[in-house]
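# Fold and geometry: a report
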Protein chains: 2
Amino acid sequence: MRILVQKYGGTSLGDVDRIRMAARRTANAVADGRSVIVVVSAMAGETNRLLKLAGCFGNGTDRQRLREVDALVATGEEVSAALMALALQSLGIRARSLTAHQVLLRCDGRFQNARIRSVDSVELLSLLETGSVAVVTGFQGIDDDGNVATLGRGGSDTTAVALAVAMRAEECEIFTDVEGVYTADPGVCPDARKLDRISSEDMLELASLGAKVMQIRSVELGKKGRIRIHVRSTFSDREGTYIMPEIDDLESPVVTGIACDANQAEVSIVGLEDRPDLLAKVFEPLAIDDISVDLISQNVGTDRTVTVTFTIEASRLDAARASIEPVVRDLGAREVLVDRDVAKVSAVGIGMRTHAGVAQKVFALLSGAGIPIRLAISTEIKVSCIIPSRHGEEAMRILHAGFGLGA
Amino acid sequence: MRILVQKYGGTSLGDVDRIRMAARRTANAVADGRSVIVVVSAMAGETNRLLKLAGCFGNGTDRQRLREVDALVATGEEVSAALMALALQSLGIRARSLTAHQVLLRCDGRFQNARIRSVDSVELLSLLETGSVAVVTGFQGIDDDGNVATLGRGGSDTTAVALAVAMRAEECEIFTDVEGVYTADPGVCPDARKLDRISSEDMLELASLGAKVMQIRSVELGKKGRIRIHVRSTFSDREGTYIMPEIDDLESPVVTGIACDANQAEVSIVGLEDRPDLLAKVFEPLAIDDISVDLISQNVGTDRTVTVTFTIEASRLDAARASIEPVVRDLGAREVLVDRDVAKVSAVGIGMRTHAGVAQKVFALLSGAGIPIRLAISTEIKVSCIIPSRHGEEAMRILHAGFGLGA
């Protein structure tokens, strides 16, 4: 049995005609001899419509409320799944919709951001064996108490890859409204090229590009489960980008893509006493409050006090300040400086593993253009620089051209 | 624990404000010390919207398709249930929505017309014991294969009464857009009175009145399970009509109400040979095809041939003709006559058991007004006459006045 998982996002199911178009695509795969599992998102606009209804009855984040919002929102995918099954049937294809309850897709109980734990592959397999297409609701699972929990925005990608892994599918196709993954945001770098393939690792590092195309958690899952993911457009028959769990480093270009994340903020704690447990003290409360810290630097000044600088997601800035305030007071810091106007520009490529000097070249390209680098980090497969936001797009174009990524 | 089941229909949940109004009503019952189970229908218009979407992908009644249409339509109640739970929470009431899967409401697998088999009262009871309101999706159940099946239009009433029976509730309140059950259709008899109470048996016989107010199957269930049903308006605090599983006959008026069912057709098979197995032969194919026959008469003509006349629901007329055709041929009938323009007018009351002469009075009243009676049947608690449709409303007014039912 050659199993194919296809995931259609909300835009791909935006109206009756588009559902029909998606169904025809699935019918072609069936005619091709594949056993197909279709994973669907809610029709475009539906999730927001439901959230707006929920908003009419107050706000809040208590578990009781979140449970109901999840139960409400999850109906969007149920509607899509039933309609998709009907559309397939109208083409003479056997099809059956399956909710998270019916496919026994288990997850933890974190409403609105649940994680998949397991899938009942036996039921699904016996359905496929009857020659039927299985149309599974994306974006949702059932927790240990039988509650419906959603996987967070874009969670249907994760559903699709999780099913592909559980069912040992040949491939997982992610149908979306773009042609694939690009070397950079084409809105910023007009000569950005669509990549024919990219390694899972590069895709993970290109998070800010990738996040627009598919959910990062699903790429991790695909990597772990060794599933080939094909990100492609619903609106054309051209191939998109294959995200490969393994690509031989030697074949890969040194730099695969350039990403820029403008949703960053920089925090500096100035005038700290120099003591060995300093960093531990500063970052402990942030860890407790689940605030991810990205780049970190520590500088000793001429007055022998220490300045600790780090970046976080801009949306977490207020939470971060509240979190570190007591520690900052305890450690007798002079002041806390904050800059919301920073961006992180990154060059990514697993080819870096076998090529030296990439970080050096990034620094040279940026400083050659007069762009100040505030913080930088170089890992095995990525070089990231924190720069003032106003230089973000310029930096992308310089790096994109400098590494010869253009079309 | 004093358990109350409340059922809100689609009009009672027509928009956000009405859901809020319903939630306040439930909150009052909670404040009153009741443990409340709320059963909800889909918001007004939602079921039709979903059916229209399904209609975009063809028609047909194969099981595969009906399964998906049921899965689709059932989301309407899920949305209502989650919103109702949120509305209750916003009033400071603990509440949890439960789908048919979650409350383990089992039914048979007849899509679009399933029958409830059992309810898991243990789960529901433990939820009520935590002080939470349980908001259950009406109109749907889970069959043995885990498929969602709907109970047919108005099935939420049945869900409510079934839960009331399973949970040994004190009462089942059915909130609707009318004030209760009337002695006759107020649109036809302007002086029709709202009944304060009615026996389950009378309510069953007043099917054509009752069907406008609540589903007949739910009345049967309430009778069997000895549940008091209170049919009342969502839009006022006045008491409606109590449907009582037992009312002492002696207390009851002779005639409780007058009903008229215009959805009738009369079929006559003329010129049949007179033989003892005649009726069995004629009605066997109808029974096999699940076509309910109502009134039946058999007359021997002067030529010693027999005419069999019966009434059925007008909507089943074509099916009935197809069903009896082979038998009619075998029995050598002369012709089959059909009249779609007949109505059945009925006077109902369990008081008839102890009062003679009701049938006689019905016949006298109608013939006194020059209304021809084509067929009639008199049971312990009902007298029904088949008359030409054009006399239907007039007949109702005459009987309503003749039995002194007016306000």
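Reference entry: report on the structure contained in this document. The structure displayed is predicted, hence computed values, not measured ones.

Attention now goes to the overall build of chain A. Check the secondary structure of chain A and you find 14 helices and 18 strands. Taken over the C-alpha atoms alone, chain A extends approximately 80 × 50 × 35 Å along its principal axes. Within chain A, buried positions represent 55% of all 407 residues. The long-range fraction of contacts in chain A, counting pairs at least 24 apart against all pairs at least 6 apart in sequence, stands at 74%. Within the structure as shown, chain A displays about 17,000 Å² of accessible surface, and the carbon and sulfur contribution to it stands at 47%. The distance from the centre of the 46 positive side-chain charges to the centre of the 55 negative ones in chain A is 3 Å.

Residue and element names in this part refer to chain A. Unlike most non-glycine residues, Leu-104 shows phi in positive territory, near 50 degrees. Among the structural elements, Leu-104 can be located in the loop between helix H5 (100–103) and strand E4 (106–107). By relative accessible area, which is 34% here, Leu-104 ends up partly exposed. Phi angles above zero are rare outside glycine, and Gln-112 is one such case at about 70 degrees. Checked against the element boundaries, Gln-112 lands in the loop between E4 and strand E5 (116–118). Under the relative-accessibility criterion, Gln-112 is labelled partly exposed at 35%.

Looking now at the environment of Pro190(B). Topologically, Pro190(B) is positioned in the loop between strand E9 (171–176) and strand E10 (197–199). Along the sequence, Pro190(B) and Asn113(B) sit 77 residues apart, while their C-alpha atoms lie 35 Å from each other.

We now examine the interface of chain B and chain A. At the interface, 38 residues of chain B touch 38 residues of chain A. Both sides of the chain B and chain A interface together cover about 3,200 Å² of buried area, and 61% of this is carbon and sulfur. Among the residues chain B hides against chain A, the three largest losses belong to Phe57(B), Glu68(B) and Leu86(B). Together they make up 23% of the total. Counting every contact that joins chain B to chain A gives 0 salt bridges. Linking chain B with chain A are 12 residue pairs in polar contact (both at pLDDT 80 or more). For the side of chain B that touches chain A, the secondary-structure elements that each account for two or more residues are helix H1 (16–31), helix H2 (46–55), helix H3 (63–73), helix H4 (75–90) and strand E3 (95–98) of chain B. Looking at which element gives the most residues to the side of chain B that touches chain A, the answer is H4(B), with 10 residues. Partitioned by chemical class, the residues of the side of chain B that touches chain A number 20 nonpolar, 9 polar and 9 charged.

Right, let's get into the packing of aromatic side chains. Aromatic ring pairs are defined here through the distance separating the ring centres and the angle between the ring planes. Residues and elements named next belong to chain A. Inspection of every chain in the model, using the stated rule, returns 4 aromatic pairs over all chains. On the numbers, 5.2 Å between centres and 75 degrees between planes, the contact of Phe-283 with Phe-310 is edge-to-face. Here Phe-283, found in helix H11 (residues 278–288), pairs with Phe-310, found in strand E15 (residues 306–313); they are 27 residues apart in sequence, far enough to count as distant. The residues Phe-283 and Phe-310 share a single accessibility class, namely buried.

Before going further, it helps to spend a moment on the pairing of strand E6 (residues 133–137) of chain B. Residue and element names in this part refer to chain B. Among the 5 residues of E6, 5 are classified as buried, and the element is accordingly described as predominantly covered. Because side chains alternate across E6, one face comprises the buried residues Val-133, Val-135 and Thr-137, and the other comprises Ala-134 and Val-136, equally buried. Pairing analysis gives 4 bridges linking strand E2 (residues 35–40) to E6, with the strands arranged parallel. Across the sheet, the residue bridging to Ile-37 is Ala-134, located in E6. Alignment of E3 against E6, held across 4 bridges, turns out to be parallel. Within the sheet, the bridge partner assigned to Ala-95 lies in E6 and is Val-133.

Counted according to the given criterion, the structure contains 2 cavities of 30 Å³ or more. Glu78(A), Thr99(A), Glu78(B), Thr99(B) and His101(B) are the residues nearest the centre of the largest cavity, which is lined by 28 residues in total. Where the lining of the largest cavity is concerned, the elements lending two or more residues are helix H4 (75–90), strand E3 (95–98), H5 and strand E7 (140–142) of chain A together with H3, H4 and E3 of chain B. The class makeup of the residues in the lining of the largest cavity is 14 nonpolar, 11 polar and 3 charged. Reported here for the second largest cavity is a volume of approximately 40 Å³. Together, Glu46(A), Arg49(A), Leu50(A), Thr75(A), Gly76(A), Val79(A), Glu46(B), Arg49(B), Thr75(B) and Val79(B) line the second largest cavity. Only helix H2 (46–55) and H4 of chain A together with H2 and H4 of chain B provide two or more residues apiece to the lining of the second largest cavity. Tallied by class, residues from the lining of the second largest cavity come to 3 nonpolar, 3 polar and 4 charged.

Our focus in this paragraph is the relation of the copies chain B and chain A. With an axial shift of 0.1 Å and an RMSD of 0.2 Å, the rotation relating chain B to chain A amounts to 180 degrees. Look at the turn and shift together and you get a two-fold axis relating the two. No C-alpha of chain B lies nearer the rotation axis than that of Thr75(B), which sits 3.0 Å from it.

Residues and elements named next belong to chain B. Viewed as axis vectors pointing N to C, H2 and H3 meet at an angle of 145 degrees, and their least axial separation amounts to 9 Å. In this structure, H2 meets H3 at a crossing whose hand is right-handed. Where H2 abuts H3, its residues Thr-47, Leu-50, Leu-51, Ala-54 and Gly-55 lie against Arg-65, Val-69, Leu-72 and Val-73. By residue class, the composition of the contact of H2 with H3 is 6 nonpolar, 2 polar and 1 charged.

We now examine the sheet that holds strand E17 (residues 375–378) of chain B. Residues and elements named next belong to chain B. In spatial order, the strands read E14-E15-E13-E16-E18-E17; together these 6 strands make up an open sheet with antiparallel pairing. For this open sheet the edge positions go to strand E14 (293–300) and E17, each flanked by a neighbour on one side alone. With direction set aside, neighbouring strand axes in the sheet form an average angle of 25 degrees. The sheet contacts of helix H10 (residues 278–288) involve strand E13 (257–272), E14 and strand E15 (306–313), and relative to E15 the element is tilted by about 25 degrees. Here helix H13 (residues 392–402) sits on the sheet and contacts E13, strand E16 (335–348) and strand E18 (382–388); the angle it forms with E13, its principal contact strand, is near 125 degrees.

Okay, the side chain of Ser346(A) next. Residue and element names in this part refer to chain A. Locating Ser-346 in the fold gives a position in strand E16 (residues 335–348). By relative accessible area, Ser-346 is classed as buried at 4%. Those residues in contact with Ser-346, other than ones at most four positions away along the chain, are Gly-257, Ile-258, Ala-259, Lys-382, Val-383 and Ser-384.

What follows is about H4(B). All names here are of chain B. Its 16 residues give H4 an end-to-end C-alpha distance of 23 Å, which sits within 8% of 22 Å, the value for a rise of 1.5 Å per residue. Along H4, 15 of the 16 residues are buried, which leaves the element largely enclosed by surrounding structure. Positive phi shows up at Gly-92, right after H4, with a value of about 85 degrees.

Rules used in this analysis
Residues numbered from 1 in each chain as written. Chains lettered and ligands numbered in written order. Predicted model: local features only at pLDDT ≥ 70, side-chain atom pairs only at ≥ 80, totals over all residues. Heavy atoms only, no water. Helix = DSSP H or I, 4+ residues; strand = E, 2+ residues; numbered from the N terminus. Buried < 20%, exposed > 50% of the residue type's maximum accessible area, 1.4 Å probe, protein only. Contact = heavy atoms within 4.5 Å. Areas by Shrake-Rupley, 256 points an atom, 1.4 Å probe, with all protein chains shown as cover. Lys, Arg positive; Asp, Glu negative; His and termini not counted. Charge placed at Lys NZ, Arg CZ, Asp CG, Glu CD. Buried area = accessible area lost by both parts, 1.4 Å probe. Salt bridge = Lys/Arg side-chain N within 4 Å of Asp/Glu carboxyl O. Polar contact = N/O pair within 3.5 Å; in protein donor to acceptor, adjacent residues only side chain to side chain. Nonpolar A, V, L, I, M, F, W, Y, C, P; charged D, E, K, R; others polar. Phe/Tyr/Trp six-rings, centres within 6.5 Å; stacked < 30°, edge-to-face > 60°. Pairing = 2+ DSSP bridges. 1 Å grid on protein atoms, 1.4 Å probe; cavity = no way out; pocket = protein on both sides within 12 Å on 5 of 7 lines; lining within 4 Å. Points joined across faces, edges and corners; volume = space filled by probe spheres on them. Least-squares fit on C-alpha atoms with pLDDT ≥ 70 in both. Axes fitted to C-alpha atoms, helices over the stretch in contact; angles between N-to-C directions. Left-handed = near helix turned anticlockwise from the far one by under 90°. Expected span 1.5 Å × (residues − 1).

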